[in-house]
Structure formats: C-alpha cells, structure tokens
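Breakdown of the fold
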Amino acid sequence: MKELEDIVKSYHAACRQRLKTALATVVHVEGSAYRQPGAKMLVTENGALTGAISGGCLEGDALRKAQLVMMQQRPMLVTYDTNDEDDAKLGIGLGCNGIIHILLEPVNTEDPDNPVAMLQEITVHRTPAVLVTLFSLHQRKAPQPGTCLVLTANGQMQHCIPDCHLQNAITADAHHALQTQCSFTKTYLSTGNDYTTHTAFIPPAPQLLIAGAGNDVIPLVKMAALLGWHTIVIDGRPGYATTNRFPDATQVITAKPAQVLPLVHTDAYTASVLMTHNYNYDLALLAQLLPLPIPYIGVLGPAKKLQRMLGELMDNGISITRPQRARIHGPAGLDLGAETAEEIALSVISEIKSVLSAAAATSLRERTTAIHSREQQIILQQQL
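Each value, and the rule that gives it
Residues numbered from 1 in each chain as written. Predicted model: local features only at pLDDT ≥ 70, side-chain atom pairs only at ≥ 80, totals over all residues. Heavy atoms only, no water. Helix = DSSP H or I, 4+ residues; strand = E, 2+ residues; numbered from the N terminus. Buried < 20%, exposed > 50% of the residue type's maximum accessible area, 1.4 Å probe, protein only. Areas by Shrake-Rupley, 256 points an atom, 1.4 Å probe, with all protein chains shown as cover. Lys, Arg positive; Asp, Glu negative; His and termini not counted. Charge placed at Lys NZ, Arg CZ, Asp CG, Glu CD. Polar contact = N/O pair within 3.5 Å; in protein donor to acceptor, adjacent residues only side chain to side chain. Contact = heavy atoms within 4.5 Å. Domains from an automatic or database assignment. Buried area = accessible area lost by both parts, 1.4 Å probe. Nonpolar A, V, L, I, M, F, W, Y, C, P; charged D, E, K, R; others polar. UniProt positions renumbered as here; feature names shortened; annotations may be inferred. Expected span 1.5 Å × (residues − 1). Pairing = 2+ DSSP bridges. Phe/Tyr/Trp six-rings, centres within 6.5 Å; stacked < 30°, edge-to-face > 60°. Lys NZ or Arg CZ within 6 Å of the ring centre and 35° of its normal.

- The name given to the chain in an unreviewed UniProt entry is Xanthine and CO dehydrogenase maturation factor, XdhC/CoxF family, and the organism recorded there is Chitinophaga arvensicola.

**Here's the deal with the overall build of the chain**
- Broken down by element type, the chain carries ten helices and 17 strands.
- For the chain, the spread of C-alpha atoms along the three principal axes comes to 70 × 45 × 40 Å.
- Taking all 384 residues of the chain together, 47% fall into the buried category.
- When the accessible surface of the chain is totalled, it reaches about 18,500 Å², and 52% of it is carbon and sulfur.
- Here the chain carries 29 positive and 34 negative side-chain charges, and the mean point of each set is 3 Å from the other.

**Looking at the side chain of Ser347**
- With respect to the secondary-structure elements, Ser347 resides in helix α10 (residues 341–356).
- Reaching out from Ser347, the side chain makes a polar contact with the backbone oxygen of Leu334 at a distance of 2.6 Å.
- Excluding residues within four positions of it along the chain, Ser347 makes contact with Gly333, Leu334, Leu336 and Ala338.

**Structural notes on the environment of Val355**
- Tracing the backbone through its elements, the reader meets Val355 in helix α10.
- On the basis of relative accessible area, Val355 is assigned to the partly exposed category, the value being 25%.
- Distance in space between the C-alpha atoms of Val355 and Leu23 is 32 Å, their sequence separation being 332 residues.
- Residues within four places of Val355 in sequence aside, it is in contact with Pro295, Tyr296 and His329.

**As for the domain arrangement of the chain**
- Assigned domains within the chain: domain 1 (1–202) and domain 2 (207–357).
- A C-alpha centroid distance of 36 Å is found between domain 1 and domain 2.
- Listed per partner, the contact involves six residues of domain 1 and nine residues of domain 2.
- For the pair domain 1 and domain 2, the two sides together bury roughly 540 Å², of which 39% comes from carbon and sulfur.
- The largest per-residue losses of area from domain 1 upon contact with domain 2 belong to Lys2, Glu5 and Arg126, which jointly make up 83% of the total buried on that side.
- On inspection of domain 1 and its partner domain 2, the count reaches two residue pairs in polar contact (both at pLDDT 80 or more).
- Along the lines of polarity and charge, the residues of the side of domain 1 that touches domain 2 split into two nonpolar, one polar and three charged.

**Describing the environment of Val27**
- Along the chain, the position of Val27 falls in strand β1 (residues 21–31).
- Accessibility expressed as a relative area gives 0% for Val27, which makes it buried.
- In sequence terms Val27 and Asn114 are 87 residues apart; their C-alpha atoms lie 17 Å from each other.
- Setting aside residues no more than four positions away along its own chain, Val27 makes contact with Pro37, Leu77, His101, Leu103, Thr133, Phe135, Thr185 and His198.

**Re unusual backbone geometry**
- Backbone torsion omega between Gly330 and Pro331 reads 0°, so that peptide bond is classified as cis.
- Summarising the element assignment, Pro331 is placed in the loop between β16 (328–329) and α10.
- Backbone geometry at Gln181 places phi at a positive 55°, although glycine is not the residue there.
- Here Gln181 is to be found in the loop between α4 (164–180) and β9 (184–189).
- The phi torsion at Ala358 lies on the positive side, around 55°, for a residue other than glycine.
- Mapped onto the elements, Ala358 comes out in the loop between α10 and β17 (379–383).

**Looking at the UniProt feature "domain: XdhC Rossmann" (unreviewed entry) in the chain**
- UniProt tags residues 208–352 as "domain: XdhC Rossmann" (unreviewed entry).
- In residues 208–352, the share of helix is 39% and the share of strand is 17%. The end C-alpha atoms are 9 Å apart.

**A short note on helix α1 (residues 2–16)**
- Under the 1.5 Å per step criterion, the end-to-end length of α1 is 21 Å for 15 residues, consistent within 8% with the ideal 21 Å.
- Within α1, the full set of buried residues consists of Glu3, Leu4, Glu5, Ile7, Val8, Tyr11 and Ala14.
- In the segment just after α1, Arg18 is the residue with positive phi, at about 60°.

**Concerning the sheet that holds strand β14 (residues 270–274)**
- Ordered in space as β13-β12-β11-β14-β15-β16, the six strands form an open sheet in which the pairing is parallel. The sheet is open, and its two edges are formed by β13 (251–254) and β16, each paired on a single side.
- Here β14 runs beside strand β15 (residues 296–299); their pairing, made up of four bridges, is parallel. In the sheet register, Leu274 faces β15, and the bridge partner there is Val299.

**A closer look at the UniProt feature "domain: XdhC- CoxI" (unreviewed entry) in the chain**
- Here the UniProt-annotated "domain: XdhC- CoxI" (unreviewed entry) positions come out as residues 16–81.
- As annotated, residues 16–81 has a helix share of 23% and a strand share of 38%, and its two end C-alpha atoms lie 37 Å apart.

**What to know about the environment of Val69**
- Within the secondary structure, Val69 sits in helix α2 (residues 59–72).
- Of the residues examined, Val69 reaches a relative accessible area of 0% and is grouped as buried.
- The sequence separation of Val69 and Pro106 amounts to 37 residues, and the corresponding C-alpha distance is 6.0 Å.
- Beyond its immediate sequence surroundings of up to four residues, Val69 is in contact with Arg74, Met76, Leu104, Glu105 and Pro106.

**Describing the packing of aromatic side chains**
- Within this structure, the stated rule accounts for zero aromatic pairs.
- For the cation-ring pair, Arg237 lies above Tyr240, with the distance from its terminal atom to the ring centre recorded as 4.1 Å.
- Here the basic side chain of Arg308 rests over the ring of Tyr279, its NZ or CZ set 4.1 Å away from the ring centre.

In structure tokens form, the structure reads like this:
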C-alpha cells in the first residue's frame, strides 16, 4: 500500500509541474524475479522514479521505454528474459533467472479514470480492494488496455474494457478475488484478441495502535511509518502524547483507557502494542482489546507481567478464549537479542509483520520452497 500512496503523491507533484508521467506494472513473471506481479513504478518525463519494478536492474531500460510511451500516448508491453546468461544482449545485467513482463501506460491527466486515479481510489479508503490490469500477453503489438478496474467495498471504477462479455467476466472475477482475498493471472479466450488479466487483491495498510508515549515508542513509530503503516499513539499523559514528539504518527490521542476505543476504528488489519509502562493502564486497555478481532496484541515486558494481567482479568470475571489468547504476544517481539529501544522496536515490528503475513519468521536460508508464492503466476483460462 505504501508504494501506491507514494505513487499517487508523486503523480500529483508531477501534475503541478506539468510533467508527463507513465505507470509501469509487473503484470506477469515466469520463474524468479525480484518483484512480483502487481509491483508498480511511476516514471516522469524528467526521469524521476517512484516505486520499483525490480532490484534496480530494469529501471533504466524501462525509463527509456516509458518516455517513448509518454510521447506516443499508447501503452506498451515489454518482456525481459533474464534466463539468458549473456546479459550484454540486454545491456542491463539482470541474472534473475526469470521472464518478467512489464506493462507501461501513459497517464492522461484529462482522463478521470486514468491508472493513477484508480490507484488513488484504493488509497483514500481503508478497505480491501481489487485492482485489475488487462493486457495481451502473447501479442505485444496488439492493443494493451492496461489498468481497467478497481473494486472496493464502496463500489467500482472501470475503464477501457474492449467488450461486454469480457467486462462481465472480469468484473465477476474481481468480486471473487475480493471475497476470497486472492490474486491471480487469467487469460480470456475469444474469437478475437485473447486478453490476460492480473487481478490483484490489495489489503489496506496495517494500522498500529500503540498504548504509550514514552521515549521507547519513538523508534517504533518511525519504523512503522517507514513501512507505510498507519500509527495511532495513545497515552493518558498530555505532556507525552503530542504531535511534536511523534510527527510521524497518523494520530496522537490523549485519553484514559475507557475513552480509547470510541476514538479509533480497529479492523482485521490492526495490531496493538501495550507499552505505557503503567500496569493499570495496560491492563484496562487489554480488557477492551480482547473481544476485538484484531490479529495481534503485544504486551511489552516480562512473561510474568502478562501472566499476572491475564490472571487479574479472569479473577474479574473476564473469560479468555483460546483464539483470544493466541492473539496475545507477551513478551512482544521476536528473539533478536534486542537491547536498545531501536532494537526492541525492530523486534516488535518484525513479529507483527510475520503475524499479519502468516509467515514463520525463520531464516530464508532454511526454506526449501520458493520465497514468493507461485499461485498468482499460474495462468487460468476461460473461454468467452
């Protein structure tokens, strides 16, 4: 989500400077690549880049082709075969052992449904969304419609879908992707041009609710902001909970525990960390967070502290179910040998990321399978 938000901001900055722009999207990958389908990059006519479509090896060549796309005002599909060991043939030194298909689209500022306008529709609402990119995979000189549909809980935007049968099929698949929270690539077979879509499920940015406004919270907020997470800092002390101390926070609230939840909206993409160093404050807030379906509740401090808190809650008649207990992480964080506030923040952020991604948080060298899921790279087919 941060990449999309950054692209939207850069686009509006380019518009103020009257610069032409183009959007590059990784639409399909065969084999290994640094970025996966759905990765995006905004290119301006003066060479500024926002986002990334590779680890830096494709950007230079893509920039040159994007400038051609801006001039011609016509989308272009570009394929890079990095399986070829003779990097000199491409002149970009790849070596990723995969085939990467990049769609380049000009962004017309006069078109209210241009590709970046569709990205903005995703970023302004804190709801899951589906973004569909339409292209002709095997006929690079055929028309390349590009970003064609955005679907959110608030409705949909669509643009440039060639015919009604294809439009109905794409829309139905977008609803399926939103319901199942999955991404996939699919080819629609017809008597005319065969089109392929990359249908991407895009969750909202993680929201981090931090109870505490001490000095050890500052690096946690900074790291979360760097990742594009939305952070809310809460504390009962008005001298600590200030925007001057937490300029990177999305929101800073001064409130007692009983006043907190009416002031914030939590969802399945919200994580919370209790680190006020005020036992009673953390205990009262934990009691309020337990019934909510948030996937992560971190409690800073020793395990004995958490056991005492849970015991007091049960003594006060608050039952704790097994799923609720599984969402509580105390001591919060991964075992990284953290000592300083910055290291502890890294440990906590890493654990939250692993929980939200349902990842094992182990060393990548221990994996026996591919790092990235290959599910979305399987091309499904449908006859129209």
